[in-house]
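The chain contents come next:
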Amino acid sequence: MVYRKFAPRKKFCRFCASKENILDYKNVDMLKDFVTDRGKIIARRITGNCAKHQRALTTEIKKARQMALLYYTATHSTDVRKKTT
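Computed from a prediction, not measured in an experiment: that's the story for all the values here.

**Regarding the overall build of the protein**
Secondary structure summary: the protein contains 4 helices and 0 strands in total. Listing the helices and strands of the protein from first to last along the sequence gives α-α-α-α. For the protein, the exposed area adds up to about 7,300 Å²; of that, 54% sits on carbon and sulfur atoms.

In structure tokens form, the structure reads like this:
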């Protein structure tokens, strides 16, 4: 007998599920959910977004970075201190 350790939950696109969630580069709190603490955009297979909304999400994250609303990398963050020797 083979037992499964866990049942994976079905991933869904949160933008298709709720029409109230609108992608906008000014909504930084929502965009931070899709960026790691190191500044990388989280992949579609992990977030569960559909291809259409993942492309739009990437564009909006890049706009927010350009407008200095989000960080490009962790070294740009004020939370990370550079080591001084």
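Next comes the rest of the account.
**Details of the pattern of salt bridges**
Applying the stated criterion across every chain yields a total of 3 salt bridges. A salt bridge links Glu60 to Lys63; the nearest nitrogen and oxygen atoms lie 3.4 Å apart. Of this pair, Glu60 and Lys63 both sit in helix 4 (residues 51–66), separated by 3 residues, roughly a single helical turn. On the accessibility criterion, Lys63 (39% relative accessible area) is partly exposed.

**Brief notes about helix 4**
Helix length check: helix 4 (16 residues) gives 23 Å between terminal C-alpha atoms against 22 Å at 1.5 Å per residue, within 8%. His53, Gln54, Leu57, Glu60, Ile61, Ala64 and Arg65 are the residues of helix 4 that are buried. Around the axis of helix 4, the buried residues are gathered within 140 degrees of arc, so they sit on the same side. Counted as exposed and oriented over 90 degrees from the buried face of helix 4: Lys52, Arg55 and Gln66. Structurally, helix 4 contributes buried residues whose contacts are with helix 1 (14–17), helix 2 (28–31) and helix 3 (44–47). Phi for Ala68, located one or two positions after helix 4, is positive at around 65 degrees.

**Side note on unusual backbone geometry**
In this structure, Ala68 takes a positive phi of about 65 degrees despite not being glycine. Secondary-structure assignment places Ala68 in the segment after helix 4.

Rules and cut-offs
- Residues numbered from 1 in each chain as written.
- Predicted model: local features only at pLDDT ≥ 70, side-chain atom pairs only at ≥ 80, totals over all residues.
- Heavy atoms only, no water.
- Helix = DSSP H or I, 4+ residues; strand = E, 2+ residues; numbered from the N terminus.
- Areas by Shrake-Rupley, 256 points an atom, 1.4 Å probe, with all protein chains shown as cover.
- Salt bridge = Lys/Arg side-chain N within 4 Å of Asp/Glu carboxyl O.
- Buried < 20%, exposed > 50% of the residue type's maximum accessible area, 1.4 Å probe, protein only.
- Expected span 1.5 Å × (residues − 1).
- Arc of directions from axis to C-beta.
- Contact = heavy atoms within 4.5 Å.

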